[in-house]
Every structure is written in C-alpha cells, then in structure tokens.
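An overview of the molecular structure
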Amino acid sequence: MRALIERAGAVTAQRGCILFGASSSSRVNKVAWAAAEAGIDHSQVSLPTSELKADAAYLQLNPKGTVPTWVECDTATPLVLNESNSIVAYLAEKGQLAGFYPRLNDRRALAWQWQEYGETTLQPSLSPVWWGYRHGSGYPPGPGGKPTALDPEKLEAAVRRALRAWEVVDKHLEDGRP
C-alpha cells in the first residue's frame, strides 16, 4: 500500500498525512482548511483531477478518480478516505473541533445539514459565477478545462441563484438557530 501511495505521487508514505488534489478544487481546499483548523499537518500532491484520473496508482487508492483523497500513513495500514464531506467530518472529530463536529447528535445533524447544503446548493450555484468572473469563461469548462464562451445572461442568472442560496443561510443565522 505504501509503495502504491508513493507511485500516486506522494514523496513518502512512511509517515504523516497526504492530501491528493489541486488547490484549484473547492473540495480540496475545504479539506485543507479543515486540517488547518484541526491542527493536522499534511503534505499535498497538487495534481489536476484529470492527471490523477489517468494515474493507475491513484485509481487504486480512489477507484472513483475524484478529489480529494486523504491518506494517513501513521498506522500499520494507511487510512485512505475520499469524499470531502466525509474527510472534513473525520478531521473535525479527530481534531476535537466541537464547532465543526458537535458531540450531540442533534447538533451534529444540523452541522451535516449545512455541510450538505454547501455541497448540493451553494457550490453548484457559485461555480458558474466563479468561472465567469475569475476566468471570463462559461461553466462548465470544456474538455481538459478549456474555457467556453461566456454568456452574460447565463452569468447574471447564476448570480441571482447564488444570491438566493446565500439568503437562505443569512436568514437561518438571523433567526439565532445553530
């Protein structure tokens, strides 16, 4: 397993934690942020998803070919996790971040609810806005991440969807609920 991790791009798989995925990925950044908040040091194999999907060793670690993948090498058999929300929950619990991963089931369920909202509603509404303003390109990008024609009307509609999605969060926080 350790040789496989190293063939997938890690400098060493003898110790420490490794995050696979490029910093351009919001899901990779979410995991890196959670690790930092939890005080968990890690190295990063910062390769684009397209390169990782073409790497046989990486596909053995994560057959889905998605990012991020988190590997902990400080155990007899390295722990390999993928899916950003699962990794964030694991890191929050490991780092004893009560605000990120509450101990009480009802509070934890609420935290998961908003983490899922971020994944299923906020992120999809923000991606076209980010690509439009950051890259001057339409979303999704074309094959190989190539820019596509930006449609100003679609961009404006995406901005409206993103604002509505964030209004839900604002309203929830105004109500004083956790």
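Heads up: these notes are all about the structure in this document. Owing to the predicted nature of the structure, the values given are computational and were not obtained by experimental measurement.

When its secondary structure is counted, the protein chain shows seven helices and four strands. Reading the secondary structure of the protein chain in the N-to-C direction produces α-β-α-β-α-α-β-β-α-α-α. Based on the C-alpha atoms only, the size of the protein chain along its principal axes is roughly 50 × 45 × 20 Å. Relative to its full complement of 178 residues, the protein chain shows a buried share of 37%. For the protein chain, the exposed area adds up to about 10400 Å²; of that, 56% sits on carbon and sulfur atoms. Separation of charge centres in the protein chain, based on 19 positive and 19 negative side chains, amounts to 3 Å.

Its location among the elements puts His-172 in helix α7 (residues 152-174). Under the relative-accessibility criterion, His-172 is labelled buried at 8%. Contact partners of His-172, with chain neighbours within four places excluded, come to Trp-114, Arg-177 and Pro-178.

Thresholds, definitions, all that
Residues numbered from 1 in each chain as written. Predicted model: local features only at pLDDT ≥ 70, side-chain atom pairs only at ≥ 80, totals over all residues. Heavy atoms only, no water. Helix = DSSP H or I, 4+ residues; strand = E, 2+ residues; numbered from the N terminus. Buried < 20%, exposed > 50% of the residue type's maximum accessible area, 1.4 Å probe, protein only. Areas by Shrake-Rupley, 256 points an atom, 1.4 Å probe, with all protein chains shown as cover. Lys, Arg positive; Asp, Glu negative; His and termini not counted. Charge placed at Lys NZ, Arg CZ, Asp CG, Glu CD. Contact = heavy atoms within 4.5 Å.

Shape is all these values report; function is a separate question.
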